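These are the residues of each chain, in order.
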Amino acid sequence: RRLYPDMAFFQRPTDYPCLLILDPQNEFETLRKRVEQTTLKSQTVARNRSGVTNVSSPLKTTPNSLSEYEVLPNGCEAHWEVVERILFIYAKLNPGIAYVQGMNEIVGPLYYTFATDPNSEWKEHAEADTFFCFTNLMSEIRDNFIKSLDDSQCGITYKMEKVYSTLKEKDVELYLKLQEQNIKPQFFAFRWLTLLLSQEFLLPDVIRIWDSLFADDKRFDFLLLVCCAMLTLIRDQLLEGDFTLNMRLLQDYPISDVHLILKKAKELQDSK
C-alpha cells in the first residue's frame, strides 16, 4: 500500500477489478482479506547486504496517517491491490525467490504504464500484461535478489564492483577520491542497481530511463554506464565534499534532469 506514496494513482480504484474474485457467486476471498488474516513472510534487504538498512529513497515521502491506506469498499479494488496480486502470484510460482523487498518498486512503473494507456482495450489487460512483463524482467534481474548469489559473477556484489571498475576507466581521479573516503559502492549502488534507479527519480523520469535501458541489447551494461554518468555529473561536488556530504549526495541524488544523465551515459558508451 506504500507504493509510490507521493502519487494518488495507486490508492485509486481500478476500472477493471478482478470480477472472478469480486463475484459473490464464487467462494474466492480477496487477497486483502487473506493478508489481513495471516502473516506473509518476505525477505527484507539486510544491513550486511546493502551496507545501509534503508532501501527507500528520501525522495519518496510517506504519508503520516494510516487512513490514507484505508481499503476501498467491497466491489472495488485499488491499483495497489492489483500490484499486490501480481507480486503474490509471482512469489507463489517462484518459491526459490519468493517476495523480496524492492520488487514492488520494479513492478510499479510497469503496471502504471499499462494501466494509464489511453487505449481502453490495452488498459483493460494491464494486470495480465504487467505480470507477463514483470516475470520476463525478473528472469533477467532475479540474481540481484538472491542473497546466496551475492558474491558470484551474476550476483549484486560483482555488479556493484563493476560500477567502480567502470568509473576507474572513465574518471580515475573521482574513483580514487571515493576509495580514499572509503565510500563503498554498497552504500548507494546497491539500491541503484537492484531497483533499476526506480527510487532515485520521480515516476515519469524512471519510465524515461527504462525506455533507454530496455531498448539497449546490453541493457544492464548500459545501466552501469548510467550509474557512472550520475557519478561524473556531480564529480566537482564529490571531489570537494567530505564523507558525510558525499554520502548524502549519493543517497539523495541531486540532479533531476534524466536527459542530461542519459546523454552523459551515451557519451561514456561511445568513448569505449
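Above this text sits the structure in question.
Residues numbered from 1 in each chain as written. Predicted model: local features only at pLDDT ≥ 70, side-chain atom pairs only at ≥ 80, totals over all residues. Heavy atoms only, no water.

Colleague: I would appreciate a short explanation of the packing of helix α11 (residues 203-215) against helix α15 (residues 258-270) in the present structure.
Modeller: For any two helices packed against each other, one specifies the inter-axial angle together with the distance between the axes. Running from N to C, α11 and α15 point in directions that differ by 20°, and their axes come no closer than 10 Å. In terms of their interaxial angle, α11 and α15 are classed as roughly parallel. Every pair of crossing elements has a handedness; the one defined by α11 and α15 is right-handed. Contact residues: α11 offers Asp205, Arg208, Ile209 and Ser212, while α15 offers Val258, His259 and Leu262. Considered class by class, the residues forming the contact of α11 with α15 number three nonpolar, two polar and two charged. (Axes fitted to C-alpha atoms, helices over the stretch in contact; angles between N-to-C directions. Helix = DSSP H or I, 4+ residues; strand = E, 2+ residues; numbered from the N terminus. Parallel < 35°, antiparallel > 145°, perpendicular 65-115°, else oblique. Left-handed = near helix turned anticlockwise from the far one by under 90°. Contact = heavy atoms within 4.5 Å. Nonpolar A, V, L, I, M, F, W, Y, C, P; charged D, E, K, R; others polar.)

Colleague: Just to check I follow, could you spell out unusual backbone geometry for this structure?
Modeller: Glycine aside, a negative phi is what most residues show, and trans is what most peptide bonds show. Its identity as a non-glycine residue notwithstanding, Ala98 has a phi of 60°, on the positive side. As for its placement among the helices and strands, Ala98 is situated in the loop between α4 (79-93) and α5 (103-115). With a relative accessible area of 27%, Ala98 lands in the partly exposed category. Here the phi dihedral of Asn182 falls at roughly 60°; this positive angle occurs in a residue that is not glycine. Summarising the element assignment, Asn182 is placed in the loop between α9 (172-180) and α10 (189-194). (Buried < 20%, exposed > 50% of the residue type's maximum accessible area, 1.4 Å probe, protein only.)

Colleague: Looking at this model, I keep getting lost on the packing of aromatic side chains. Mind explaining?
Modeller: Aromatic rings in a pair are described by how distant their centres are and how their planes are angled relative to each other. Evaluation of the coordinates by the stated rule reveals twelve aromatic pairs. With a centroid separation of 6.3 Å and an interplanar angle of 45°, the aromatic rings of Phe9 and Tyr111 are classed as tilted. Of this pair, Phe9 sits in the segment before α1 (19-22) while Tyr111 sits in helix α5, and the two are 102 residues apart along the sequence. Looking at Phe9, the relative accessible area reads 10%, which means it is buried. Given a relative accessible area of 2%, Tyr111 falls into the buried group. Between Tyr164 and Phe188 the ring centres are 6.2 Å apart and the planes differ by 45°, which places this aromatic pair in the tilted class. Taken together, the positions of Tyr164 in helix α8 (residues 156-170) and Phe188 in the loop between α9 and α10 put the pair 24 residues apart, joining distant regions of the chain. Judged by its relative accessible area of 3%, Tyr164 falls in the buried class. Since its relative accessible area comes to 3%, Phe188 is described here as buried. Members of the aromatic cluster, joined through ring pairs, are Tyr164, Tyr175, Phe188, Trp192, Phe201 and Tyr253. (Phe/Tyr/Trp six-rings, centres within 6.5 Å; stacked < 30°, edge-to-face > 60°.)

Colleague: Is there a simple way to think about the pattern of salt bridges in this case?
Modeller: Here the idea is simple: oppositely charged side chains can pair when their charged atoms come close. Taken as a whole and judged by the stated rule, the model has nine salt bridges. In this structure, Glu127 and Arg85 form a salt bridge, with 2.8 Å as the shortest nitrogen-oxygen distance. Of this pair, Glu127 sits in helix α7 (residues 126-141) while Arg85 sits in helix α4, and the two are 42 residues apart along the sequence. Residue Glu127 is classed as partly exposed on the basis of its relative accessible area of 24%. A salt bridge links Glu267 to Lys264; the nearest nitrogen and oxygen atoms lie 3.9 Å apart. In this pair, Glu267 and Lys264 are both assigned in helix α15, three residues apart and thus about one turn of the helix distant. The network of salt bridges with shared partners includes Asp171, Glu173, Arg235 and Asp236. (Salt bridge = Lys/Arg side-chain N within 4 Å of Asp/Glu carboxyl O.)

Colleague: Would you explain the environment of Thr232 in this entry?
Modeller: Its place among the elements puts Thr232 in helix α12 (residues 219-233). For the pair Thr232 and Lys170, spaced 62 residues apart in the sequence, the C-alpha separation amounts to 8.7 Å. For Thr232, the contacting residues outside a window of four places in its chain are Leu167, Asp171, Leu174 and Lys264.

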